[in-house]
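Inside the fold
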Amino acid sequence: MNKKIIIHKKGVFIILLFFGFNNLVQSQQSNDFWNHVRFGGGIGLGFGDGFFSGTLAPSAIYEFNETVALGLGLNGTINNRKGFYKSTIYGGSLIGLMNVIPVLQFSAEFEELRVNRKYDASLNLQDDNYWSPALFLGLGYRNGNVTFGIRYDVLYDDERSIYADPWMPFVRFYF
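The model shown is predicted, which means the values in this text are computed figures rather than measured ones.

1. Side note on the pairing of strand β3 (residues 68-81)
- As defined by bridge partners, strand β2 (residues 51-63) adjoins β3 across 11 bridges and the pair is classed as antiparallel. When the sheet's bridge partners are listed, alanine 60 is paired in β3 with leucine 72.
- Between β2 and β3, which pair antiparallel and follow one another directly, the connecting turn spans 4 residues.
- Where β3 lies against strand β4 (residues 85-101), 14 bridges are found, and the strand directions are antiparallel. What sits directly across from threonine 77, in β4, is isoleucine 89.

Below is the structure:
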């Protein structure tokens with residue numbers, strides 16, 4: 001009977017040791033997780049004769065290693081063209097980054113934006129409310145936390161895309 005109690009105590013000790021080790025590993029992994037997260041995004045402001053545009057686009061990426069990172073982004077934009085239209089645009093994106101060599105970065109980003117455009121009543125145009133998808137493939141020069149480059153929207157549609165052109169330069173910051 002004493003052998004059974006000793007074996008039982010060893011089993012309980014092993015189980016407690018396993019759970020303690022498992023909690024320690026999970027604690028280290030969760031702390032390590034935030035060491036791989038980078039925050040960034042963009043702010044845009046445009047204005048001219050009767051026109052205003054403001055954009056706020058925060059994003060975050062997780063760097064799996066020195067070569068690959070994946071992330072999420074949000075986008076909110078307000079446009080106003082006096083006597084023509086007002087629009088709000090909001091949505092999100094998924095981004096993948098690949099650094100083939102430290103200074104050369106390839107990117108793929110799928111963006112889905114909701115466009116709500118209200119035209120001035122005097123124009124007698126129907127308001128627009130629709131989703132605008134974009135799939136950007138890009139190439140950039142990376143120096144530290146900053147990447148300069150060009151991207152192309154392979155889903156570009158002359159009539160529905162919110163961007164003026166499928167080719168767009170970009171500057172990307174992550175800290």
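After that view, the rundown keeps rolling.
2. Looking at the nonpolar core
- Ile89, Leu113, Val115, Tyr130, Ala134, Phe136, Tyr163 and Met168 form the largest nonpolar core, which has 8 residues in total.
- Those elements giving two or more residues to this core turn out to be β5 (104-119) and β6 (128-143).
- Sort the elements by how many residues they give to this core and β6 lands first, with 3 residues.
- Leaving out residues up to four positions away in the same chain, isoleucine 89 has contacts with Asn75, Gly76, Thr77, Asn79, Leu113, Arg114, Val115 and Ile162.
- Of all hydrophobic cores here, the second largest spans 5 residues; its members include Ile61, Ala69, Ile95 and Tyr174.

3. Here we look at the pattern of salt bridges
- Scanning all chains against the criterion turns up 4 salt bridges.
- Here arginine 38 ties to glutamate 63 by a salt bridge, and the two come within 3.4 Å at their closest N and O atoms. Residue arginine 38 is found in strand β1 (residues 37-48), and its partner glutamate 63 is found in strand β2; the two are separated by 25 residues along the sequence.
- A relative accessible area of 26% places arginine 38 in the partly exposed class.
- Here glutamate 109 ties to arginine 151 by a salt bridge, and the two come within 2.9 Å at their closest N and O atoms. Taken together, the residues span a long stretch of sequence, with glutamate 109 in strand β5 and arginine 151 in strand β7 (residues 146-153) at a distance of 42 residues. In this pair, the class of glutamate 109 matches that of arginine 151, namely buried.

4. Considerations on the sheet that holds β2
- Spatial strand order, β1-β2-β3-β4-β5-β6-β7-β8: 8 strands in an open sheet with antiparallel pairing. A strand with exactly one partner marks an edge of an open sheet, and here the two such strands are β1 and β8 (167-173). In this sheet, neighbouring strand axes are inclined to one another by 20° on average, regardless of whether the strands run parallel or antiparallel.
- Of the pairings in the sheet, the one linking β6 to β7 comprises 8 bridges and is antiparallel in character. Residue pairing in the sheet places leucine 139 in a bridge with isoleucine 150 of β7.

5. What about the pairing of β8?
- Judged by which residues are buried, β8 turns out to be one-sided: Met168, Phe170 and Arg172 face inward and are buried, whereas Trp167, Pro169, Val171 and Phe173, on the alternate face, are not.
- Alignment of β7 against β8, held across 7 bridges, turns out to be antiparallel. When the bridges of β8 are listed, tyrosine 152 appears paired with tryptophan 167.

What counts, and at which threshold
Residues numbered from 1 in each chain as written. Predicted model: local features only at pLDDT ≥ 70, side-chain atom pairs only at ≥ 80, totals over all residues. Heavy atoms only, no water. Pairing = 2+ DSSP bridges. Helix = DSSP H or I, 4+ residues; strand = E, 2+ residues; numbered from the N terminus. Core = buried A, V, L, I, M, F, W, Y, C linked by side-chain atoms within 4.5 Å. Buried < 20%, exposed > 50% of the residue type's maximum accessible area, 1.4 Å probe, protein only. Contact = heavy atoms within 4.5 Å. Salt bridge = Lys/Arg side-chain N within 4 Å of Asp/Glu carboxyl O. Axes fitted to C-alpha atoms, helices over the stretch in contact; angles between N-to-C directions.

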